[in-house]
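Spelled out from the first residue to the last, the chains are:
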Amino acid sequence: MDPDYSAQDVARCDLCKIAIAQSYCDLCHANICTPCIGIHISNEYDKHKIVAIHQRKSTLIYPKCESHQNKTCEYQCKDCSSFLCSRCLASKQHNQEHEFLELEEVFSSKKEKIKKDTKELESQILPVYEDIANDLEMQIASLDGEYKKLTTEMSKQREVIHREIDTAFDQMEKDIGEIKVKHHSILQKHLDEIKQLQSLMQETLNALNEIEESNEVSPTIHYSSKIEECSKLPPKVNVSIPKFIPKQIEREEIYSLIGKLTPLSTTLEERVFTAKKPNTSVRELLDELEVLNTIKTGHRSLRSVTCLNEEQIWTSGWTADMKCFNIQGVLQKTMKTKSGKWPSDIAVDRDGAVLYSDWKTRTVYKVKNDQTEEIITLQGWAPNNLCVTSSGDLLVTMYSDDKTQSKVVRYSGSIVKQTIQFDDEGQPLYSKNTAIKYISENRNLDICMADCTARAVVVVNQAGKIRFRYTGHPSPTKNKPFIPRGITTDSQSRILTVDGNNHCIHILDTDGQFLRYIDNCDLEDPYGLCVDSDDSLFVCEYYTGNVKKIRYLK
């Protein structure tokens, strides 16, 4: 029998094996139906104890005495821990100076201890181990991102070194060019001198030829030989071509130029167990909810609202404008998306910077002090909805360009730390449609997504493991299909999600159990929502363009 369903099975009679058992023998540990009671008590035992089946195992089963047959031990020696029957005590065989305890009292005391230990293990120790396991799973999930960051840093150093090496080679090539020019100049100068001497000798030769053919006496008599002068050859110019002497490459020297990679370091840090303190500031749900304010945003098709405080309530819809209001409804600021298209979603981080996702440019932007920065740009995927986590990370829902896949990616800055897409069986956690998927992080670090195409709220733990799916709550008055849109969580780890079809909000506990509806605040087509630091609820009304601030907790 499947243990997951054993609690739903009924106890059958151990004698007839067919009928449902209404009774139980606490001595024989047998389930018995009413007709079989007589058969059971007629066997060799004379001390059967028949009780109602819901009272089973109420009779203590004492150990048999090793010294006295058919006797049970109802006492224990406190000094030597041995079990004793009444005859053992009467025979005085045991040391009478020892202290004796009744086993029933010892049993009751131990049961209380076991009950206390069970509760402490279940409510205090196991949750700590679960947190430790979740932390390790998160570390494993973020390994790819961290090591990618490491290789990115090394690639930057590679580019720097390549750039410096190219610069050095360029300078050396420039030096070679300058030496070549100088070499050419030296040789050319010497050649010019030789050609000048050649020209002088040719003139002398021409003069000699004229004298030789002439009959004039005076030039012949005054001739002076220049052979000795011409025989003195000019010095030979030897100019050596420079040589490139490559330096022998030593691997260690290259490593020293690149930098240093520290070795993998593993240390064991002692953990100190600290029991989790119960939440003493429990805030219960109000019976009568109250609309505190209504902000008229002027948005066409209002979809998203997020707030840092009552002076910064940011809203967006199907236009490029993102508007900031205070709680009185006074417009504080307006920003436009960089692409001129409507933003998929907006969020505000702890520093007050506005984040928005632009499906047109596939980019998530950060705006602070009127300066816009691209923090995430995707290839093959388009960003959808955003959630700033308690640790400062950013959760981004996204869908593929071919509209066949959806996933959640956790970023630290622009570095990917975690991707959540499939369950343990390799099946997609989220629908593949491009429809908006609002996302929120719960106080217990669960990641909650309102997947309207799947008609479900999908909740995974911090490590991305599925916890539950919520598909609505049956109600005779809420008879339209449950299609969740906006989602948020409060200080009590409750989950609030919009049910636009039925003009209400579902409130769930941390395990996905339905608690109640918010349906008495005249909500018209609710869409996006958020909760501020005081657990006040802000709800977008899609068609009216209004944001309502609602008090729903005591």
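Below is a summary of the structure that appears in this document. Worth saying up front: this structure is predicted, and the values here are computed from it rather than measured.

Rules behind the numbers
- Residues numbered from 1 in each chain as written.
- Predicted model: local features only at pLDDT ≥ 70, side-chain atom pairs only at ≥ 80, totals over all residues.
- Heavy atoms only, no water.
- Helix = DSSP H or I, 4+ residues; strand = E, 2+ residues; numbered from the N terminus.
- Rg over C-alpha atoms; globule rule 2.2 N^0.38 Å.
- Buried < 20%, exposed > 50% of the residue type's maximum accessible area, 1.4 Å probe, protein only.
- Pairing = 2+ DSSP bridges.
- Contact = heavy atoms within 4.5 Å.
- Axes fitted to C-alpha atoms, helices over the stretch in contact; angles between N-to-C directions.
- Phe/Tyr/Trp six-rings, centres within 6.5 Å; stacked < 30°, edge-to-face > 60°.
- Patch = residues over 30% accessible without salt bridge, like charges linked within 9 Å, V, L, I, M, F, W, Y side chains within 5 Å.
- Areas by Shrake-Rupley, 256 points an atom, 1.4 Å probe, with all protein chains shown as cover.
- Salt bridge = Lys/Arg side-chain N within 4 Å of Asp/Glu carboxyl O.
- Lys, Arg positive; Asp, Glu negative; His and termini not counted.
- Charge placed at Lys NZ, Arg CZ, Asp CG, Glu CD.
- Expected span 1.5 Å × (residues − 1).
- Core = buried A, V, L, I, M, F, W, Y, C linked by side-chain atoms within 4.5 Å.

## Quick notes on the overall build of the protein chain
The helix and strand inventory of the protein chain stands at seven helices and 30 strands. Taken over C-alpha atoms, the radius of gyration comes to 46 Å for the protein chain, far larger than the 24 Å a tight globule of 554 residues would show. Considered along the principal axes of its C-alpha atoms, the protein chain spans approximately 175 × 80 × 45 Å. Counting all 554 residues of the protein chain, 35% fall into the buried class.

## Comments concerning the pairing of strand β17 (residues 394-400)
Of all seven residues that make up β17, seven are buried, and the element is covered over most of its length. Taking every second residue as pointing to the same face, both faces of β17 are buried, with L394, V396, M398 and S400 on one and L395, T397 and Y399 on the other. The sheet contact formed by strand β16 (residues 381-388) and β17 spans six bridges and is antiparallel. In the strand pairing of β17, A382 is matched with Y399. Linkage of β16 to β17, two consecutive antiparallel strands, is achieved through a turn of five residues, within which G392 is found at a positive phi near 95°. The sheet contact formed by β17 and strand β18 (residues 406-412) spans six bridges and is antiparallel. Across the sheet, V396 pairs through a bridge with V409, a residue of β18.

## Concerning the environment of P484
Examined against the element boundaries, P484 turns out to sit in strand β24 (residues 484-489). Residue P484 is classed as buried on the basis of its relative accessible area, which comes to 0%. Sequence spacing of P484 and T471 is 13 residues, and the spatial spacing of their C-alpha atoms is 8.9 Å. Residue contacts for P484: discarding those within four places in its chain leaves A450, D451, C452, R455, A456, V457, T497 and V498.

## Comments concerning the sheet that holds strand β20 (residues 437-441)
Across the sheet, which stays open at both edges, the four strands sit in the order β20-β21-β22-β23 with antiparallel pairing between neighbours. Of all strands in the sheet, those with a lone pairing partner are β20 and β23 (466-470), marking the two edges. Recorded for the sheet is a direction-independent mean angle of 15° between the axes of neighbouring strands.

## What to know about the packing of aromatic side chains
Applying the stated rule across the entire model yields eight aromatic pairs. Aromatic pair Y470 and F482: ring centres 5.5 Å apart, planes at 80°, arrangement edge-to-face. Taken together, the residues span a long stretch of sequence, with Y470 in strand β23 and F482 in the loop between β23 and β24 at a distance of twelve residues. Relative to Y542, the ring of Y527 has its centre 4.9 Å away and its plane inclined at 25°; by these criteria the two rings are stacked. Within this pair, whereas Y527 is found in strand β28 (residues 526-531), its partner Y542 is found in the loop between β29 (537-541) and β30 (546-553), the two being separated by 15 residues in sequence. A relative accessible area of 13% places Y527 in the buried class. Of the residues examined, Y542 reaches a relative accessible area of 15% and is grouped as buried. Here the aromatic residues Y438, Y527, Y542 and Y543 are joined through ring pairs into a cluster of three or more.

## Topic: a negative patch on the surface
Together, E74, E102, E104 and E105 give the surface a local cluster of negative charge. Relative to the assigned elements, E104 resides in helix α3 (residues 103-141). Under the relative-accessibility criterion, E104 is labelled partly exposed at 45%.

## Describing the pattern of salt bridges
A full pass over the atoms with the stated rule returns 19 salt bridges. We note a salt bridge from D370 to K333, for which the minimum N-O separation is 2.8 Å. A residue pair is termed long-range when its members are at least 10 positions apart, and D370 in the loop between β14 (363-368) and β15 (371-377) and K333 in strand β11 (residues 331-336) qualify at 37 residues. Residue D393 is joined to K417 by a salt bridge in which the shortest nitrogen-to-oxygen separation is 3.1 Å. Remark: K417 occurs in strand β19 (residues 415-420) and D393 occurs in the loop between β16 and β17; sequence separation between them is 24 residues. Summarising the burial analysis for this pair, D393 and K417 share the class buried. Here the salt bridges share partners, and the residues they tie into one network are D393, R410 and K417.

## Description of helix α4 (residues 143-213)
End to end, α4 covers 103 Å across 71 residues, agreeing with the expected 105 Å (1.5 Å per residue, within 8%). Turning to α4, its buried residues are G145, I161, H183 and H190. Buried residues belonging to α4 abut α7 (251-258) and β19.

## Brief notes about the nonpolar core
By size, the foremost hydrophobic cluster in this structure holds 25 residues, and its most contacted members are V305, I313, I487, I495 and F538. For this core, the elements supplying multiple residues, two or more each, are β8 (304-309), β21 (447-451), β22 (456-460), β23, β28 and β29. In this structure, V305 is in contact with I313, W314, T315, G528, L529, C530, F538, C540 and V547, ignoring residues within four places of it in sequence. Residues L496, L523, V531 and L537 belong to the second largest nonpolar core, which totals 16 residues.

## Details of the sheet that holds strand β27 (residues 514-518)
Strand pairing in a sheet is mediated by backbone hydrogen bonds. Such pairs are either parallel or antiparallel. Strand order in the open sheet formed by four strands is β24-β25-β26-β27, and the pairing between neighbours is antiparallel. Each having just a single partner strand, β24 and β27 make up the two edges of the open sheet. Across the sheet, the mean angle separating the axes of adjacent strands is 25° when strand polarity is ignored. Where β24 lies against strand β25 (residues 495-499), four bridges are found, and the strand directions are antiparallel. Paired with T489 across the bridge in β25 is I495.

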